[in-house]
Number of protein chains: 4
Amino acid sequence: MNAPVDPRFAARVRESFGRQKAMGLIGASLLHVEPGRVEVALPFRDDLTQQKGFIHGGIIGMIADTACGYAAFSLMPADCSLVTVEYKINILAPGRGALVARGEVVKPGRTLTVTRAEVYAQDGTHVATMQQTLMMLAGRPDTIE
Amino acid sequence: MNAPVDPRFAARVRESFGRQKAMGLIGASLLHVEPGRVEVALPFRDDLTQQKGFIHGGIIGMIADTACGYAAFSLMPADCSLVTVEYKINILAPGRGALVARGEVVKPGRTLTVTRAEVYAQDGTHVATMQQTLMMLAGRPDTIE
Amino acid sequence: MNAPVDPRFAARVRESFGRQKAMGLIGASLLHVEPGRVEVALPFRDDLTQQKGFIHGGIIGMIADTACGYAAFSLMPADCSLVTVEYKINILAPGRGALVARGEVVKPGRTLTVTRAEVYAQDGTHVATMQQTLMMLAGRPDTIE
Amino acid sequence: MNAPVDPRFAARVRESFGRQKAMGLIGASLLHVEPGRVEVALPFRDDLTQQKGFIHGGIIGMIADTACGYAAFSLMPADCSLVTVEYKINILAPGRGALVARGEVVKPGRTLTVTRAEVYAQDGTHVATMQQTLMMLAGRPDTIE
């Protein structure tokens, strides 16, 4: 388990997530925040689907990307922000029903942090796995630019 | 340039894209369809943004994933469907303003097809680059399961 | 833990690994084989290094790719072979000294299997993490083609 | 086409490549160097193969990783070095015969550079495609640490 640099990490993560209008659009919410681990919940909605009626693979990527990003953000100092450098996701099973994305930090770093997320359906199906790289922007607060 | 197996490829791509409710949710549309190349347009909207006011990286992934998938689908026979196996995306610049994702087939195959997408902003900024793998499901039509 | 289809899985993995002349070239050996988990050991050698004196990132990729591939192969039937579809690796720390790559199956499948590897140095440093996709070639034995 | 910051870029790339003992081990050589584009050649050798007699996928990754890295290095200042952050490679066809990896810079950056490589066989077969991220270490010369 990782020790947070900023004792207000959870409030900072929740406040930043609240500013992600894209999460509001798809109906995603923060389920759990601890140092280096964040869970994002996504209830099933018909308007999140692709042509076969499953949750769109890009939306699965959205919640995994966000869970990973906030897992990294939870370990960072208060006055910084971060950007996603890249992510790679394998879709393991069709996204049926509500999903949860569990992001965690694999390797925290001063400049780059590497994270991973697992996405599960309510019935326990392993829906996706992601590996992600983020870059910390030191001294650039996490606010609208 | 690749030769399409199905002469109705463009209608088939447009009809399938039209069933992607997630594309409707984010306001994305099909801009261009040719054999092995598909473009998806995304007008800027405030409800697509992340915490800093840029288009969410996961939404950039959504349109790139979709452009790649339909580039592959355009080369496939009429009675099949496909699933995304995995994709990897590098975010090269913040997503400001309207975006276009250009997907193209790198290597078509009987089982697996490898594709790539480039995402550009209206001012020409190269916003993202994706490499993706898809699997064809032969004899399983592209309809709600 | 996964159940092997072929009770001779360990002998089959060892025999196939023994035919990988590239593993002999770099001095890698099979350390451990169980169903769905394989470890590959790489002693440090000066001729494995890049320009700064660390083990070449591509060689780290080689042992991780191989550990993942044989983790998948251990769960497959006797009369098949497999090919690497793609892999993605993050280098987390310079490769100093001897390395071990631990591959494991994330999701076995009839056609595609998704795996992961972690590479560690002797002093416990987490050197790399890989996510990989493999395709099974049913009825095509694992022999020289 | 990109303009090099360091007019001695080609000599610097060749000198650094010459220090990569791992390239010597597998018999790879620098074929071509221009600003932002580097080609690495790999003659076929039996000791580079995997269990089916094709060039090992990890060795294909090695030459692609190296071609990408030196494409990035060619655009950097004289007093820096760089490290591979991550790479993702799709193997498109078995590696039979001699190979050439062509690396090029997709997006140069102060901290991070994104590159791509295509690997071809002598008969023109497209063998692999890579997307890679590198980090520049400013003020840390490219020498043995």
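Located above this text is the structure these notes cover.
Everything quoted here is computed from the prediction, not taken from an experiment.

Asker: Would you mind going over the overall build of chain A in detail, with residue names and values included?
Answerer: When helices and strands are counted, chain A shows 3 helices and 6 strands. Counted from the first residue to the last, chain A has its helices and strands arranged as α-α-β-β-α-β-β-β-β. Relative to the globule expectation of 15 Å for 145 residues, the C-alpha radius of gyration of chain A, 15 Å, shows essentially globular dimensions. C-alpha atoms of chain A, sized along the principal axes, occupy 45 × 25 × 25 Å.

Asker: I'd like a description of the packing of helix α1 (residues 9–18) of chain A against helix α3 (residues 57–73) of chain A, backed by residues and values.
Answerer: Working note: a packed helix pair is described by the angle between its axes plus the distance between those axes. All names here are of chain A. Two elements in contact, α1 and α3, have axes whose closest approach is 10 Å; the angle formed by their N-to-C orientations is 145°. Where α1 crosses over α3, the handedness of that crossing is right-handed. Of the residues in α3, those in contact with R12, V13, S16 and F17 of α1 are T66, Y70 and F73.

Asker: Tell me about the relation of the copies chain B and chain C, and name the residues and values.
Answerer: It takes a turn of 180° to lay chain B on chain C, together with a shift of 0.0 Å along the axis; the resulting RMSD is 0.0 Å. In the structure described here, the two chain copies are related by an operation that fits a two-fold rotation axis. Considering only C-alpha atoms, the part of chain B nearest the rotation axis is K88 of chain B, at 4.3 Å. Most of the interface of chain B is mirrored in chain C, where 100% of its interface residues are also at the interface.

Asker: Can you lay out the environment of E34 of chain D for me, pointing to particular residues and giving the numbers?
Answerer: Residues and elements named next belong to chain D. In this structure, E34 sits in strand β1 (residues 29–34). Look at E34 and you get partly exposed, because its relative accessible area is 22%. Considering only alpha carbons, one finds E34 and A10, 24 residues apart in sequence, at a separation of 7.0 Å. In this structure the side chain of E34 is engaged in a polar contact, spanning 3.0 Å, whose partner is the side chain of H32.

Asker: Tell me about the sheet that holds strand β5 (residues 112–121) of chain C, residues and numbers included.
Answerer: One open sheet holds the 12 strands; their spatial order is β1(C)-β2(C)-β4(C)-β5(C)-β6(C)-β3(C)-β3(D)-β6(D)-β5(D)-β4(D)-β2(D)-β1(D), and the pairing between them is antiparallel. Strands with a single pairing partner mark the edges of an open sheet, and in this sheet they are β1 (29–34) of chain C together with β1 of chain D. Pairs of neighbouring strands in the sheet enclose a mean axial angle of 20°, with direction left out of account. For strand β3 (residues 81–91) of chain D and strand β6 (residues 126–137) of chain D, the ladder comprises 10 bridges, and the chain directions are antiparallel. By the bridge assignment, V83 of chain D is partnered in β6 of chain D with M135 of chain D. Lying on the sheet, helix α1 (residues 9–18) of chain C is in contact with β1 and β2 (37–42) of chain C; it crosses β1 of chain C at an angle near 160°.

Asker: I'd like a rundown of the interface of chain B and chain C, residues and numbers included.
Answerer: Listed per partner, the contact involves 6 residues of chain B and 6 residues of chain C. Interface area for chain B against chain C, summed over the two sides, is near 500 Å², with a carbon-plus-sulfur share of 83%. The tally of links between chain B and chain C comes to 0 salt bridges. Put simply, the parts of the chain that give the side of chain B that touches chain C at least two residues each are β3 (81–91) and β6 (126–137) of chain B. Residues of the side of chain B that touches chain C, tallied by class, amount to 3 nonpolar, 2 polar and 1 charged.

Asker: Would you mind going over the sheet that holds β3 of chain B in detail, with residue names and values included?
Answerer: Reading across the sheet, the 12 strands line up as β1(A)-β2(A)-β4(A)-β5(A)-β6(A)-β3(A)-β3(B)-β6(B)-β5(B)-β4(B)-β2(B)-β1(B) and stay open at both edges, with antiparallel pairing between neighbours. Each of the sheet's edge strands pairs with one partner strand only, and the pair in question is β1 (29–34) of chain A together with β1 (29–34) of chain B. Pairs of neighbouring strands in the sheet enclose a mean axial angle of 20°, with direction left out of account. Sheet analysis places β1 of chain A next to strand β2 (residues 37–42) of chain A, joined by 5 bridges and oriented antiparallel. Opposite E34 of chain A, over in β2 of chain A, you have R37 of chain A as the bridge partner. Packed onto the sheet, helix α1 (residues 9–18) of chain B meets β1 and β2 (37–42) of chain B and runs at close to 160° relative to β1 of chain B.

Asker: Help me get a handle on the state of the cysteines, residues and values and all.
Answerer: All names here are of chain A. Inspection of the entire model under this criterion finds 0 disulfides over all chains. Summary of cysteine pairing: C80 is not part of a disulfide, and the nearest cysteine sulfur, belonging to C68, is at 17 Å. The class of C80 is buried, set by a relative accessible area of 1%.

The rules behind the values
- Residues numbered from 1 in each chain as written.
- Chains lettered and ligands numbered in written order.
- Predicted model: local features only at pLDDT ≥ 70, side-chain atom pairs only at ≥ 80, totals over all residues.
- Heavy atoms only, no water.
- Helix = DSSP H or I, 4+ residues; strand = E, 2+ residues; numbered from the N terminus.
- Rg over C-alpha atoms; globule rule 2.2 N^0.38 Å.
- Axes fitted to C-alpha atoms, helices over the stretch in contact; angles between N-to-C directions.
- Left-handed = near helix turned anticlockwise from the far one by under 90°.
- Contact = heavy atoms within 4.5 Å.
- Least-squares fit on C-alpha atoms with pLDDT ≥ 70 in both.
- Buried < 20%, exposed > 50% of the residue type's maximum accessible area, 1.4 Å probe, protein only.
- Polar contact = N/O pair within 3.5 Å; in protein donor to acceptor, adjacent residues only side chain to side chain.
- Pairing = 2+ DSSP bridges.
- Buried area = accessible area lost by both parts, 1.4 Å probe.
- Salt bridge = Lys/Arg side-chain N within 4 Å of Asp/Glu carboxyl O.
- Nonpolar A, V, L, I, M, F, W, Y, C, P; charged D, E, K, R; others polar.
- Disulfide = S-S within 2.5 Å.

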